[in-house]
Amino acid sequence: MRFMVIVKATNDSEAGVMPSTQLLADMGKFNEELVNAGIMLAGDGLQPSSRGARVKFSGNKPTVVDGPFAETKELIAGYWIWQCKSKEEAIEWAKRCPNPAGIGKEGELEIRQVFEADDFGAEFTPELREQEERIMAQAAMNTRMK
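Residues numbered from 1 in each chain as written. Predicted model: local features only at pLDDT ≥ 70, side-chain atom pairs only at ≥ 80, totals over all residues. Heavy atoms only, no water.

Peer 1: Where do I start with unusual backbone geometry in this structure?
Peer 2: Negative phi values dominate among residues other than glycine, just as trans dominates among peptide bonds. Backbone torsion omega between G67 and P68 reads 5 degrees, so that peptide bond is classified as cis. Position of P68 relative to the elements: it lies in the loop between β4 (61-66) and β5 (76-83). Positive phi is not limited to glycine here, since E71 has a value of about 60 degrees. Locating E71 in the fold gives a position in the loop between β4 and β5. (Helix = DSSP H or I, 4+ residues; strand = E, 2+ residues; numbered from the N terminus.)

Peer 1: Please explain the sheet that holds strand β1 (residues 2-8) as it appears in this structure.
Peer 2: If you walk across this open sheet you meet the 4 strands as β2-β5-β1-β6, and the pairing is antiparallel. Lying at the two open borders of the sheet, with one neighbouring strand each, are β2 (40-45) and β6 (109-113). Between one strand axis and the next, the sheet turns through 15 degrees on average, direction left out of account. Inspection of the sheet shows β2 paired to β5 by 5 bridges, in the antiparallel sense. Bridge pairing in β5 links D44 to Y79. In the packing of helix α2 (residues 21-36) onto the sheet, the strands contacted are β2 and β5, and the crossing angle to β5 comes to about 25 degrees. (Pairing = 2+ DSSP bridges. Axes fitted to C-alpha atoms, helices over the stretch in contact; angles between N-to-C directions. Contact = heavy atoms within 4.5 Å.)

Peer 1: Quick question: what am I supposed to make of the packing of aromatic side chains here?
Peer 2: Centre-to-centre distance and the angle between the planes together describe a pair of aromatic rings. Enumeration over the complete set of coordinates arrives at 6 aromatic pairs. When the centroid spacing of 6.4 Å and the interplanar angle of 55 degrees are considered together, the rings of F30 and W93 count as tilted. A residue pair is termed long-range when its members are at least 10 positions apart, and F30 in helix α2 and W93 in helix α3 (residues 87-96) qualify at 63 residues. Grouping residues by exposure puts F30 and W93 together as buried. Note on F120 and F124: the rings are 5.7 Å apart at their centroids and 50 degrees apart in plane angle, and the pair reads as tilted. The class for F124 is buried, based on a relative accessible area of 18%. Its end group placed over the ring of F69, R54 keeps NZ or CZ at 3.9 Å from the ring centre. (Phe/Tyr/Trp six-rings, centres within 6.5 Å; stacked < 30°, edge-to-face > 60°. Buried < 20%, exposed > 50% of the residue type's maximum accessible area, 1.4 Å probe, protein only. Lys NZ or Arg CZ within 6 Å of the ring centre and 35° of its normal.)

Peer 1: Explain the pairing of strand β3 (residues 53-58) to me, please; I cannot follow it from the model alone.
Peer 2: For a regular strand, side-chain orientation follows a simple rule: the groups alternate between the two sheet faces. With respect to burial, β3 is a largely exposed element, only 0 of its 6 residues being buried. The sheet contact formed by β3 and β4 spans 6 bridges and is antiparallel. Within β4, the position partnered with R54 by the bridge is V65. Counted along the chain from β3 to the antiparallel partner β4, the turn is 2 residues long, and its residue G59 has a positive phi close to 65 degrees.

Fair warning: the whole summary comes from geometry, so function is off the table for now.
Encoded structure:
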């Protein structure tokens, strides 16, 4: 099972405050443990929402809204994609994570299971599955080429 582990934003991350050298070192060590255990598939930190945008849809009409966005507690500062045997295993790994907000601050991780092809049932036809496999193979090649 794959899980997205979402690092929730803080006032500091939204203000563009960079993590301390100690936090970067602790996260590097943790990421190394995840990779060595075969858990971590991907992960990155995200720029503050002031550098982002949202595309909202009303029917077929898209509207672009530039950041920053209110409600820091609802924003994302980073993510991992983990391969785990269960949600419980993902939780155990998350509990080992250094506090992403830094020592003595309030930090939060959210764990969400990623949909797999079989989760979509009969609506995900063989043709759609084939298309998805082609897209993902191309995406993997694009990643290797960069």
